Every structure is written in structure tokens, then in C-alpha cells.
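# Observations on the three-dimensional arrangement
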Amino acid sequence: MNIRPIRNDQDYRAALKALSPLFDNEPEPGTPEGDDFDVLLTLVEAYEAKHFPVDLPNPIAAIKFRMEQSGLTVSDLAPAIGRTNRVYEVLNGTRSLTLPMIWKLHSQFGIPAESLIKPMERVHIRARAGAAR
């Protein structure tokens, strides 16, 4: 395999084309083919991270995702956030998370702290407040 740096979209597409058949029949790790696969995959991942960054979800989306993935209910979140009415306020965006809530959500449910501390968009919060009137 001829492995080269990925400098542009054409290089990126060529690397994806070269990797595509290897996903169906992945080479054995530690073999020359496996090493080529690992190196090319690393190059593609680095190019994607630089050119197609994925933004973290906002805190509410992160909590709801964890609830969905783990089958959690509002009652399950109460030990981390407070009474169920407080959990609903957080999930509706009318109450901000406090540092102790963030820590408990992270440590008890494995929600990434980076997502929980991400500032909410002001427009989103104002829109909800206006809709409640």
C-alpha cells in the first residue's frame, strides 16, 4: 500500500477508497497489511478531526442522550439533580446546572463533563422563556 499524507480533499477521498475494502476484511494486527491499515486509518482520523470537527452536545442533549441510552427516568436523575420538579426544570432549560449537579451527573452516569459545562445558547433559553409566557 502506498501511504501518503492527506493534504486535501482529493487525498482524503483516495484514502477512504483505499480503506473501504479493508473494513470488510480487516487485516490482522501486527502484520504489514495491518500496520498499513492502522497508519492510513490514523491519517484519515487526523484529517477528519481537523477539517470536520464534531461539536459537543449541549448539557440538556447530553443528559437526554444518556437517559435514552441507559433507560433512565427523571426519578433516576433525582439523586444527582434534586427533586423531580428540579430535574424537569433542567431538562426544559429553565434551570441551569450547578457545579455539584455536574459532578454528580458525570460521576454517577458517566456523562462527559465537557458536555455538561458547555454554555447553553442564550437565544435558546430566551425562546423557551418567551414561549412560557
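Residues numbered from 1 in each chain as written. Predicted model: local features only at pLDDT ≥ 70, side-chain atom pairs only at ≥ 80, totals over all residues. Heavy atoms only, no water.

### Considering the packing of helix α3 (residues 59–70) against helix α5 (residues 84–92)
Their axes nearest at 8 Å, the elements α3 and α5 cross at an angle of 120 degrees. When the axis of α3 is compared with that of α5, the two are oblique. In this structure, α3 contributes Ile60, Ile63, Lys64 and Met67 to the contact, and α5 contributes Val90, Leu91 and Asn92. Here the contact of α3 with α5 is composed, by residue class, of five nonpolar, one polar and one charged. (Axes fitted to C-alpha atoms, helices over the stretch in contact; angles between N-to-C directions. Helix = DSSP H or I, 4+ residues; strand = E, 2+ residues; numbered from the N terminus. Parallel < 35°, antiparallel > 145°, perpendicular 65-115°, else oblique. Contact = heavy atoms within 4.5 Å. Nonpolar A, V, L, I, M, F, W, Y, C, P; charged D, E, K, R; others polar.)

### Quick notes on the confidence of the model for the protein chain
For the protein chain, the mean per-residue pLDDT works out to 89, and 90% of the residues sit at or above 70. Every residue in residues 123–127 scores below 50 in pLDDT, and together they form two contacts with partners more than four places removed in sequence or on other chains. (pLDDT = per-residue confidence, 0-100.)

### Looking at helix α6 (residues 99–109)
Listed as buried for α6 are Met101, Ile102, Leu105 and Phe109. The buried residues of α6 occupy an angular sector of 100 degrees when the element is viewed end-on, so they sit on one face. Residues of α6 that are exposed and point more than 90 degrees away from the buried face comprise Leu99, Pro100 and Trp103. Residues of α6 that are buried in the fold lie against α3, α4 (74–81), α5 and α7 (113–116). (Buried < 20%, exposed > 50% of the residue type's maximum accessible area, 1.4 Å probe, protein only. Arc of directions from axis to C-beta.)

### Some words on helix α2 (residues 32–51)
Helix length check: α2, at 20 residues, gives a terminal C-alpha distance of 29 Å against a target of 28 Å (1.5 Å per residue), a fit within 8%. Buried within α2 are the following residues: Gly34, Phe37, Leu40, Val44 and Tyr47. All buried residues of α2 lie within an arc of 155 degrees about the axis, which places them on one face of the element. Opposite the buried face of α2, by more than 90 degrees, sit the exposed residues Pro32, Ala49 and Lys50. (Expected span 1.5 Å × (residues − 1).)

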